[in-house]
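As a plain string of letters, each chain reads:
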Amino acid sequence: MIVKQIWTANAYRNFNYLIACSETGEALAIDPLDHEKCLKLAKDEGWNITQILNTHEHRDHTGGNEPMVRKTGAKILAHKNAKDKIPDIARGLGAGDIIKVGKTVTLEALDTPGHTMSHICLLSHTDQPTLFCGDTLFNAGAGNCHNGGHPAELYRTFSEQLAKLAPSTLVYPGHDYIENNLRFTLDREPDNKDAREMLDKLSGQDPNRAYVSTLEVERQINTFFRLISPTVIAKLREAFPALPEQPDQRTVFLKLRELRNKW
Ligand SMILES: [Zn+2]
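Computed from a predicted model, the values in this text were never measured in an experiment.

Take the nonpolar core next. Here is a general trend for soluble globular proteins: nonpolar side chains tend to be buried in one another's company. If you look at the biggest cluster of nonpolar residues, it comprises 28 residues, and the most contacted ones within it are Leu131, Leu137 and Phe158. Those elements that provide at least two residues to this core are β9 (120–124), β10 (130–134), α4 (151–160), α8 (230–239) and α9 (249–262). In terms of residues, this core owes the most to one element, α9, which gives 4 residues. Apart from the residues lying within four places of it in its own chain, the contact partners of Leu137 are Leu131, Phe158, Leu162, Val171, Pro173, Leu215, Asn222 and Phe225.

Surrounding the zinc ion are the protein donor atoms His56 (NE2), His58 (ND1), His115 (NE2) and Asp135 (OD), which sit 2.2 to 2.4 Å from the metal. Around the zinc ion sit 4 donor atoms; with metal-centred angles ranging over 87 to 174°, the donor geometry is irregular. All donor residues of the zinc ion come from one chain, and their arrangement in sequence is H-x1-H-x56-H-x19-D. Linking His115 in the loop between β8 (105–111) and β9 with Asp135 in the loop between β10 and β11 (137–138), this pair joins segments that are 20 residues apart in sequence.

With that settled, the discussion passes to empty space enclosed by the protein. A complete count under the given rule lists 1 cavity of 30 Å³ or more for this structure. Reported here for the largest cavity is a volume of approximately 30 Å³. Lining the largest cavity are Phe15, Tyr17, Ile30, Asp31, Thr55, Phe132, Cys133, Gly134, Tyr172, Pro173 and Gly174. Breaking the lining of the largest cavity down by element, the ones donating at least two residues are β2 (15–20), β10 and β13 (170–173). In terms of residue count, the dominant contributor to the lining of the largest cavity is β10 (3 residues). Among the residues forming the lining of the largest cavity, the class breakdown is 7 nonpolar, 3 polar and 1 charged.

With that settled, consider the sheet that holds strand β5 (residues 75–79). Spatially, the 6 strands line up as an open sheet ordered β1-β2-β3-β4-β5-β6, and their pairing is mixed. Only two strands of the sheet have a single neighbouring strand rather than two, namely β1 (2–7) and β6 (89–93). The sheet shows a mean angle of 25° between the axes of neighbouring strands, taken without regard to direction. As paired elements, β2 and strand β3 (residues 26–30) share 4 bridges and run antiparallel to each other. Paired with Tyr17 across the bridge in β3 is Ile30. On top of the sheet, helix α1 (residues 35–45) reaches β1, β2 and β4 (48–53); it is set at about 145° to β1, its chief contact. Those strands touched by helix α3 (residues 65–72) are β3, β4 and β5, and its axis lies near 150° from that of β4.

Attention now goes to the pairing of β8. The side chains of a regular strand alternate between the sheet's two faces. With 5 of 7 residues buried, β8 lies mostly within the body of the structure. Bridge count for strand β7 (residues 98–101) against β8 is 4 bridges, and the pairing is antiparallel. Each residue of the ladder has a partner; that of Val101, found in β8, is Val105. In this structure, the hairpin formed by β7 and β8 is closed by a connection of 3 residues, where Gly102 is found at a positive phi of approximately 60°. Looking at chain direction, β8 and β9 are connected through 5 bridges and run antiparallel.

Look at α9: 20 Å from first C-alpha to last across 14 residues, which is about the 20 Å you get at 1.5 Å a residue. Along α9, the residues classified as buried are Val252, Phe253, Leu256, Arg257, Leu259 and Arg260. Considered in projection along α9, the buried side chains sweep an arc of 165° and stay on one side of the axis. N-cap assignment for α9: the residue whose side-chain oxygen lies 3.2 Å from the backbone N of Arg250 is Asp248.

What counts and how
Residues numbered from 1 in each chain as written. Predicted model: local features only at pLDDT ≥ 70, side-chain atom pairs only at ≥ 80, totals over all residues. Heavy atoms only, no water. Core = buried A, V, L, I, M, F, W, Y, C linked by side-chain atoms within 4.5 Å. Buried < 20%, exposed > 50% of the residue type's maximum accessible area, 1.4 Å probe, protein only. Helix = DSSP H or I, 4+ residues; strand = E, 2+ residues; numbered from the N terminus. Contact = heavy atoms within 4.5 Å. Donors = N, O, S within 2.8 Å, 3.2 Å for Na, K, Ca; no water. Tetrahedral: all angles 85-135°; square planar, octahedral: opposite > 155°, others 65-115°. 1 Å grid on protein atoms, 1.4 Å probe; cavity = no way out; pocket = protein on both sides within 12 Å on 5 of 7 lines; lining within 4 Å. Points joined across faces, edges and corners; volume = space filled by probe spheres on them. Nonpolar A, V, L, I, M, F, W, Y, C, P; charged D, E, K, R; others polar. Pairing = 2+ DSSP bridges. Axes fitted to C-alpha atoms, helices over the stretch in contact; angles between N-to-C directions. Expected span 1.5 Å × (residues − 1). Arc of directions from axis to C-beta. Polar contact = N/O pair within 3.5 Å; in protein donor to acceptor, adjacent residues only side chain to side chain.

This is the structure in structure tokens:
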């Protein structure tokens, strides 16, 4: 499996992806908003884009579909419940569905509601798993729930699915938000040395060569995985004095999501 992360350099800081089979040159494009960059890279590599996967229905993820289908004839794949929101879906996906790219690439669809209620993440079946997580999980952050999402569902996705994936899993999100997210982690957990060191290291990084984290790293630097940290809980009580002494993880997650909206 060959993975190319494509920095769009747009105001929303989107990342697009191409996943290619090294034997056949067939490729799948994830959220190819910058269809021109994606098509140029595919051409340079000698790849043939046969499938488009939309992680969810937001326009900054689907906006490249039409021109890319016109130029490649690629089939559009998305969550089966996104049929009314994304035009011309050829294959509606549910949890556990398998997507083949060429002969060598196998991807599994995860049904991951929260950012929207029809959001798909892809998990590769490779020795080191790779997670393409759209706007569900970001480096050092979590998706917002403003436009068709539900914070409680996002928590369930984190706790019941993402938290159970292998620590070595590579994380490929839909946007480059790492710097800002690390600042939020440090706002909530000022003594988080890993987040501090990473912010120092990555400040002003070139998103064309972006740092790629793993879930093991996310567990150290991502507030939304640090729900039992004594500092996180103590700081949260400053904002929410009625918080119980031993708050459950769901409560901590929801309060953090609420604070992140205002931050
Ligand atoms: Zn979105």
